Amino acid sequence: AALGSDGVRVTMESALTARDRVGVQDFVLLENFTSEAAFIENLRRRFRENLIYTYIGPVLVSVNPYRDLQIYSRQHMERYRGVSFYEVPPHLFAVADTAYRALRTERRDQAVMISGESGAGKTEATKRLLQFYAETCPAPERGGAVRDRLLQSNPVLEAFGNAKTLRNDNSSRFGKYMDVQFDFKGAPAGGHILSYLLEKSRVVHQNHGERNFHIFYQLLEGGEEETLRRLGLERNPQSYLYLVKGQCAKVSSINDKNDWKVVRKALTVIDFTEDEVEDLLSIVASVLHLGNIHFAADEESNAQVTTENQLKYLTRLLGVEGSTLREALTHRKIIAKGEELLSPLNLEQAAYARDALAKAVYSRTFTWLVAKINRSLASKDAESPSWRSTTVLGLLDIYGFEVFQNNSFEQFCINYCNEKLQQLFIELTLKSEQEEYEAEGIAWEPVQYFNNKIICDLVEEKFKGIISILDEECLRPGEATDLTFLEKLEDTVKHHPHFLTHKLADQRTRKSLGRGEFRLLHYAGEVTYNVTGFLDKNNDLLFRNLKEAMCCSENPIMSQCFDRSELSDKKRPETVATQFKMSLLQLVEILKSKEPAYVRCIKPNDAKQPGRFDEVLIRHQVKYLGLMENLRVRRAGFAYRRKYEAFLQRYKSLCPETWPIWAGRPQDGVAVLVRHLGYKPEEYKMGRTKIFIRFPKTLFATEDALEVRRQSLATKIQATWRGFHWRQKFLRVKRSAICIQSWWRGTLGRRKAAKRKWAAQAIRRLIRGFILRHAPRCPENAFFLDHVRTSFLLNLRRQLPRNILDTSWPTPPPALREASKLLQELCRKNMVWKYCRSISPEWKQQLQQKAVASEIFKGKKDNYPQSVPRLFISTRLGADEISPKVLQALGSEPIQYAVPVVKYDRKGYKPRSRQLLLTPSAVLIVEDAKVKQRIEYANLTGISVSSLSDSLFVLHVQREDNKQKGDVVLQSDHVIETLTKTALSADRVNNININQGSITFAGGPGRDGIIDFTTGSELLVTKAKNGHLAVVAPRLNSR
Ligand SMILES: Nc1ncnc2c1ncn2[C@@H]1O[C@H](COP(=O)(O)OP(=O)(O)OP(=O)(O)O)[C@@H](O)[C@H]1O
Ligand SMILES: [Mg+2]
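In this text the structure is predicted, and so the values were computed from the model without any measurement. (Residues numbered from 1 in each chain as written. Chains lettered and ligands numbered in written order. Predicted model: local features only at pLDDT ≥ 70, side-chain atom pairs only at ≥ 80, totals over all residues. Heavy atoms only, no water.)

Asker: Describe the overall build of the chain, naming the residues involved and giving the relevant values.
Answerer: A tally of helices and strands in the chain yields 36 helices and 31 strands. In summary, the chain has a C-alpha radius of gyration of 69 Å against a globular reference of 31 Å for 1039 residues, an excess of more than 25%. Principal-axis analysis of the C-alpha atoms gives the chain an extent of 215 × 80 × 75 Å. Partitioning the contacts of the chain with sequence separation of at least 6, the portion at a separation of at least 24 is 63%. If you sum the accessible surface of the chain, you get close to 51,900 Å²; carbon and sulfur atoms cover 54% of it. When the 155 positive and 122 negative side-chain charges of the chain are each reduced to one mean point, those points stand 15 Å apart. (Helix = DSSP H or I, 4+ residues; strand = E, 2+ residues; numbered from the N terminus. Rg over C-alpha atoms; globule rule 2.2 N^0.38 Å. Contact = heavy atoms within 4.5 Å. Areas by Shrake-Rupley, 256 points an atom, 1.4 Å probe, with all protein chains shown as cover. Lys, Arg positive; Asp, Glu negative; His and termini not counted. Charge placed at Lys NZ, Arg CZ, Asp CG, Glu CD.)

Asker: Would you mind going over the pairing of strand 24 (residues 940-946) in detail, with residue names and values included?
Answerer: Working note: regular strand, side chains alternate between the two faces of the sheet. Most of strand 24 sits out of view: six of its seven residues are buried. Two elements, strand 24 and strand 25 (residues 952-957), share five bridges in a ladder whose sense is antiparallel. Within the sheet, the bridge partner assigned to isoleucine 943 lies in strand 25 and is leucine 955. The hairpin turn running from strand 24 into strand 25, its antiparallel successor, is five residues long. (Buried < 20%, exposed > 50% of the residue type's maximum accessible area, 1.4 Å probe, protein only. Pairing = 2+ DSSP bridges.)

Asker: Could you give me a rundown of the coordination of the magnesium ion (ligand 2), with the residues and numbers involved?
Answerer: For the magnesium ion (ligand 2), the full set of protein donor atoms is Thr123 (OG1) and Ser172 (OG), at a range of 1.8 to 2.1 Å. Here threonine 123 is found in helix 5 (residues 122-136), whereas its partner serine 172 is found in strand 5 (residues 171-172), with 49 residues between them in sequence. Across this residue pair, the class does not change: threonine 123 and serine 172 are buried. (Donors = N, O, S within 2.8 Å, 3.2 Å for Na, K, Ca; no water.)

Asker: Any details on the sheet that holds strand 19 (residues 690-693)? Residues and values, ideally.
Answerer: Paired through their backbone hydrogen bonds, the strands of a sheet run either parallel or antiparallel. Pairing is antiparallel in the open sheet, where three strands are placed in the order 17-19-18. Unpaired on one side and paired on the other, strand 17 (640-643) and strand 18 (684-686) mark the two borders of the sheet. Each strand of the sheet is rotated relative to its neighbour by a mean of 15 degrees, with strand direction disregarded. Pairing between strand 17 and strand 19: four bridges, direction antiparallel. Counterpart to tyrosine 640 in the pairing with strand 19 is isoleucine 693. (Axes fitted to C-alpha atoms, helices over the stretch in contact; angles between N-to-C directions.)

Asker: Any details on the side chain of serine 653? Residues and values, ideally.
Answerer: Considering the arrangement of structural elements, one finds serine 653 in the loop between helix 28 (644-651) and helix 29 (666-677). Excluding residues within four positions of it along the chain, serine 653 makes contact with Trp659, Leu706, Arg709 and Leu713.

Asker: Quick one: what's the story with the side chain of threonine 978, residue by residue and with numbers?
Answerer: With respect to the helices, strands and loops of the structure, threonine 978 is situated in helix 36 (residues 975-986). Residue threonine 978 is classed as buried on the basis of its relative accessible area, which comes to 0%.

Asker: Any chance you could break down the site of ligand 1 for me, citing the residues and the numbers?
Answerer: In the region of ligand 1, 20 residues are neighbours, and Ser118, Gly119, Thr123, Ser171 and Gly400 sit closest. For ligand 1, a nitrogen atom lies 2.9 Å from a polar atom in the side chain of tyrosine 72. Within the complex, the protein chains bury 87% of what would otherwise be the 630 Å² of accessible surface of ligand 1. Contributions of two or more residues to the shell around ligand 1 are made by helix 5 and strand 5. At three residues, helix 5 tops the list of elements feeding residues into the shell around ligand 1. Taken together, the residues that form the shell around ligand 1 break down as six nonpolar, 10 polar and four charged. (Near = heavy atom within 4 Å. Polar contact = N/O pair within 3.5 Å; in protein donor to acceptor, adjacent residues only side chain to side chain. Nonpolar A, V, L, I, M, F, W, Y, C, P; charged D, E, K, R; others polar.)

Asker: Describe the UniProt feature "binding site: ATP" (unreviewed entry) in the chain, and please don't skip the residues or the numbers.
Answerer: Sites flagged by UniProt as "binding site: ATP" (unreviewed entry) map to Gly116, Glu117, Ser118, Gly119, Ala120, Gly121, Lys122 and Thr123. From the set just named, the residues that line the second largest cavity comprise Gly116 and Glu117. Within the fold, serine 118 resides in the loop between strand 3 (110-115) and helix 5. The residues touching serine 118, leaving out its near neighbours within four places in the chain, are Thr165, Arg167, Asn168, Ser171, Gly400, Phe401, Glu402 and Lys603. Setting aside its immediate chain neighbours within four residues, threonine 123 contacts Glu158, Ser172 and Asp397. In this structure the side chain of threonine 123 is engaged in a polar contact, spanning 2.8 Å, whose partner is the side chain of serine 172. (UniProt positions renumbered as here; feature names shortened; annotations may be inferred. 1 Å grid on protein atoms, 1.4 Å probe; cavity = no way out; pocket = protein on both sides within 12 Å on 5 of 7 lines; lining within 4 Å.)

Asker: I'd like to hear about the pattern of salt bridges, residue by residue, with values.
Answerer: Using the criterion set out here, one finds 54 salt bridges in the structure. Of the charged contacts in the structure, one is a salt bridge between arginine 619 and glutamate 36, with a shortest N-O distance of 3.2 Å. Linking arginine 619 in helix 26 (residues 615-624) with glutamate 36 in helix 2 (residues 36-48), this pair joins segments that are 583 residues apart in sequence. Here lysine 372 and glutamate 276 are joined by a salt bridge, their closest N and O atoms 3.1 Å apart. Note that lysine 372 is positioned in helix 14 (residues 347-377) and glutamate 276 in helix 11 (residues 274-291), a separation of 96 residues in sequence. Classification of glutamate 276 as buried rests on a relative accessible area of 19%. Where salt bridges share partners, they join Glu36, Glu41, Arg44, Glu615 and Arg619 into one cluster. (Salt bridge = Lys/Arg side-chain N within 4 Å of Asp/Glu carboxyl O.)

Asker: So, the environment of serine 854: which residues are in play, and what are the values?
Answerer: With respect to the helices, strands and loops of the structure, serine 854 is situated in helix 33 (residues 841-857). Its relative accessible area of 22% is what places serine 854 among the partly exposed residues. Separated by 312 residues in the primary sequence, serine 854 and leucine 542 place their C-alpha atoms 155 Å from one another.

Asker: Report on the packing of aromatic side chains, specifying residues and quantitative values.
Answerer: Throughout the structure, instances matching the rule amount to 35 aromatic pairs. Taken together, a centroid distance of 6.4 Å and an interplanar angle of 25 degrees make the contact between phenylalanine 857 and tyrosine 864 stacked. Like phenylalanine 857, the residue tyrosine 864 is buried in the burial classification. These aromatic residues form a ring-pair network of at least three members: Phe409, Phe412, Phe485, Phe499, Phe518, Tyr529 and Phe534. When the ring centre of tyrosine 217 is taken as reference, the NZ or CZ atom of arginine 211 above it lies at 3.9 Å. Over the aromatic face of tyrosine 313 sits the side chain of lysine 312, whose NZ or CZ is 5.5 Å from the ring centroid. (Phe/Tyr/Trp six-rings, centres within 6.5 Å; stacked < 30°, edge-to-face > 60°. Lys NZ or Arg CZ within 6 Å of the ring centre and 35° of its normal.)

Asker: With reference to specific residues and values, describe helix 26.
Answerer: Taken together, the buried positions of helix 26 are occupied by Leu617, Ile618, Gln621, Val622 and Tyr624. In this structure, the buried residues of helix 26 make contact with helix 2, helix 16 (409-439), strand 16 (595-602) and helix 27 (627-636). Two or three places before valine 616, at the start of helix 26, stands the capping residue aspartate 614, its side-chain oxygen 3.2 Å from that residue's backbone nitrogen. Glycine 626 lies just past helix 26 and shows a positive phi near 70 degrees.

Asker: Give me empty space enclosed by the protein: which residues, what numbers.
Answerer: To find leftover empty space, one rolls a probe the size of a water molecule over the atoms. In this structure the tally under the stated criterion is five cavities of 30 Å³ or more. Taken as a whole, the second largest cavity holds about 120 Å³ of empty space. Residue lining of the second largest cavity: 15 residues in total, with Ser115, Leu421, Gln422, Phe425 and Arg600 positioned closest to the centre. For the lining of the second largest cavity, the secondary-structure elements that each account for two or more residues are strand 3, helix 16 and strand 16. Ranked by residues supplied to the lining of the second largest cavity, first place goes to helix 16 with four residues. (Points joined across faces, edges and corners; volume = space filled by probe spheres on them.)

Asker: Help me get a handle on the sheet that holds strand 14 (residues 517-522), residues and values and all.
Answerer: Pairing within the open sheet is antiparallel, and its three strands lie in the order 13-14-15. What marks the edges here is a single partner per strand, and that holds for strand 13 (499-501) and strand 15 (525-530). Within the sheet, the average angular offset between the axes of one strand and its neighbour, ignoring direction, is 25 degrees.

In structure tokens form, the structure reads like this:
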């Protein structure tokens, strides 16, 4: 769908472009540029195609189409945004955009001057311009409020200041100059309106076919029932005398009801409170009521108010005393010799006073309205610095030149105003342009044009001008009338070529002039003015008591409009014409201070009809608007000129020699620049202070180049800026890092220093303590001593002996020696205790037996050490190795220990293999299945062994025991184990004798045997020659 609509748009635009090619878009391109006929023909051809816009260079000529052409849409606005003037078909928006861009890029105030006669389309153009700015400019920071207000001020002002005339159904009856303020970003920031002389006579009188100001009809048509009732109004305009004079309350082209809604809404947008709206409408209504005030003459032909109802409403709506108002309407206050006198008015005077009051009330309200709108439009931050950086774009929309059947003071002022603006146009385009060429020394063929200064002078010159004469007549004491004014005028300016009266005219023209008329040959045509009312209107008098009455008004708007200071001000106010003249002079100054853009509006026919091209009417306008001269100057001249400095400043970036700085004269710089850009000689001229460029396209090409260049410059600036920005950032970070670093280093250093200091102190203290360590405890050595102690204790904790056999123990300091000993003891006990707790009963028995063995043999018998590592075994013979007979013989007696032994005979010392059994009560010697000998423990008196490494031993038996055959000599391979167990079983631990050399034993009754022990290389048991048993025990290395 998007593609589709785009496609449509493309074809539409191309069609538009094709259509746009009708005739020439710029009169400058006209072949026969001196021919008025060709000019008008071009206008006509384009008008026929509904192409209402054509350029003369930068000036836009617009012909009122009198129909909605659909050329002001958003789409059209977009099309004209940011494009060069000449790239698109002529349009009002192109002018708007060009002015706006100039305002943005050069920051120069702009003024768009829209001129043309009444009904030519000035107001319409102004509205379109405003709309363009409101819709295309960036939104202001405070939102769209300003934009809305700018737009909405229009319908309100038009309702109060516009009216249907014969020339125009929506004719501006006041002049308007509006400043739109743009902020730095180009967004509309505020606005200000200057209004010029409202045609207030319309309030009380309208020519046939004309209307009063729109607001009256709008209120009556659109106002709600409730509102009308409050205001005491009827819905019928025919009921109001002020609305029936023109006899055309209804106009087909105007929808009062709708317009009322628009106005009502607009009022709220431009900050009107409900109360203010009410006050405002009260005034509008009171004007209508005033119109219906009637008078009747009493016997003394003094006027009396006859319409009580109206008076009542007036009293209420204006908030004034009824009686005061009544008196003011029918009397005149005269101050004579410091005394106030009330003189009654006759009917005519009373009607005059009434109308004067109506006009004053309405026109002052209009002035108040403009001020109120200005307050609403005022940029809200007028104090802020950005205010100073605003630029303004002025829009001038005044009442156009107009000629009626009967022309009065108002037309005189309006046409004078147009005359002034035409003068300004001539000044700024024709005159100054040509003067400039001359001043710049550019070869130039002067173009002749009509300068209307002569007419302006006729009107405004001091002493001799019409306004001066009028004022003089107004102020003159004595019977001054409109006719005396005319006479005076005839006297003073009779020779002026642009002035004519009945008296001064020749025979032929005299017919067309009444006696009370004068004629001015305006730039735009002849206008015959009727002098009736000139003096009055110029004086603009309001009776004092009427003013007084209004000053007391309780309607807030009225009380603002009528100020008491006015009453006490004795000085005569400036006349209307002079005031108007002054304000116009000011306006011209304002316009001159800005860069102008022109829209010249042309009215195609008098019938307000679309499609009708009245050639006579148009030729006339082309002539008086000076369009032909304009074109000729344009054709001969240069499209563009600029001071060298400014030109160089703008374009210097396009040439390497002038960029970034040109050191020489700007003129030379421009010459270099232009050569670099490849300008052809016919394209430009160098003046004294300015360069003149003939064709727009040359400049556009340069502008395009600048645009491209700007992009790259912008990128460069961006890059540089970014670089700078990041560098700054980096430097900042770096600085911070260094700062942190140094701080941290400082902190570390301080900490280290502190630590060192502390260490030094500690060391010093330690040394001092060390030196004094033997002294009694004192502060100086306390630390050291404590330190030694603690470190000993701490050290001790780590170096405690690991087991009971480990005897290592750190050396304690002297002070702890005792404690150390205690601790060591404690530790040892602890270990023993722990060890003891951990051993099994078997092992315990083993150790007990080993302990006994140690007790007996340690250090006494040579082979004892060999036995130490060998475990004692509970028994060396299993039950199966012992004969069952023996076991049987033992009965219930248990065998505690059994070991094979060798028994040596008592006589021959023959060795015999035996078993030795231990029971709880006896030692048994067993030979195979037979118990050979049983020795009760009680009979075992002792046991003897040698101290050598042999394994012989002797069991000593009680000698008295007859059954016994004597002591027994035995040998066991496990002698230590066997003896220990035997000694334990028999409880003979203390009865083991360890002998050196020999053992004597009882070898039977009355006979002793001797065993001799010697040491030798190996074990040898033999019977010696002396009858002793000789035992050679091997020498053990361990000994
Ligand atoms: N561009 C336009 N497109 C369509 N209609 C237009 C255009 N310009 C003017 N008109 C019609 O012409 C009428 C008169 O135009 P406008 O009110 O702008 O005249 P003016 O020059 O302001 O006259 P005055 O001097 O009396 O105020 C408008 O009401 C409108 O109907
Ligand atoms: Mg207008």
